[in-house]
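# What the coordinates show
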Amino acid sequence: MYLHLGQDIVVRMNQIVGIFDLDNSSVSSHTRQFLADAEKGGRVVNVTMELPKSFVVTMDRDGRETVYISPLAASTLLKRSGESIFPSLDEK
């Protein structure tokens with residue numbers, strides 16, 4: 001299954017490590033450093049030139065990490081994925 005991140009970019013669901021809200025997660029200096037290192041390493045893909053709202057971290061079979069900057073909200077991407085952030089609660 002695939003997740004559409006905006007524009008013409010899709011990623012495989014099984015390669016997604018995490019979907020993060022840019023405003024909330026970039027408060028942490030660790031996240032800012034992670035994004036800066038990814039940018040320096042050429043591992044960042046800007047999905048659009050609109051205002052970014054989230055980022056998606058993926059890892060391919062070879063262990064290469066890619067960070068996609070998306071104009072879509074993390075909640076929207078999560079809904080599109082069909083995944084739950086609380087899978088144990090869905091079982092009840």
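For the structure given in this document, a descriptive report is provided here.

### Observations concerning helix α3 (residues 74-81)
- Taken as a whole, α3 has its buried residues at A74, L77 and S81. All buried residues of α3 fall inside an arc of 65° around its axis, so they share one side.
- Where the residues of α3 are buried, they touch β1 (2-6), β3 (16-21), β5 (54-59) and β6 (65-70).
- Following α3 by one or two positions, G82 has its phi on the positive side, about 80°.

### Some thoughts on the pattern of salt bridges
- Tallied over the full model, the rule gives three salt bridges.
- The shortest N-O distance in the salt bridge between E65 and R43 comes to 3.6 Å. Of the two residues, E65 is situated in strand β6 and R43 in the loop between α2 (29-40) and β4 (44-46); the sequence distance between them amounts to 22 residues.
- Its relative accessible area of 28% is what places R43 among the partly exposed residues.
- R64 serves as the salt-bridge partner of D60, at 3.0 Å between the closest nitrogen and oxygen.

### Topic: the sheet that holds β5
- Spatial strand order, β3-β5-β6-β4: four strands in an open sheet with mixed pairing. The sheet is open, and its two edges are formed by β3 and β4, each paired on a single side. Averaged over all adjacent pairs, the angle separating strand axes in this sheet is 20°, with direction ignored.
- Sheet topology places β5 next to β6; six bridges connect them, and they run antiparallel. What sits directly across from V57, in β6, is V67.

### A word on the environment of D21
- Note on placement: D21 falls in strand β3.
- Judged by its relative accessible area of 27%, D21 is partly exposed.
- Separated by 59 residues in sequence, D21 and R80 have C-alpha atoms that sit 15 Å apart.
- In contact with D21, not counting residues within four places along its chain, are K53, S54 and A74.
- Looking at D21, its side chain comes within polar contact range of the main-chain nitrogen of N24, at 2.8 Å.

Thresholds applied
Residues numbered from 1 in each chain as written. Predicted model: local features only at pLDDT ≥ 70, side-chain atom pairs only at ≥ 80, totals over all residues. Heavy atoms only, no water. Buried < 20%, exposed > 50% of the residue type's maximum accessible area, 1.4 Å probe, protein only. Helix = DSSP H or I, 4+ residues; strand = E, 2+ residues; numbered from the N terminus. Arc of directions from axis to C-beta. Contact = heavy atoms within 4.5 Å. Salt bridge = Lys/Arg side-chain N within 4 Å of Asp/Glu carboxyl O. Pairing = 2+ DSSP bridges. Axes fitted to C-alpha atoms, helices over the stretch in contact; angles between N-to-C directions. Polar contact = N/O pair within 3.5 Å; in protein donor to acceptor, adjacent residues only side chain to side chain.

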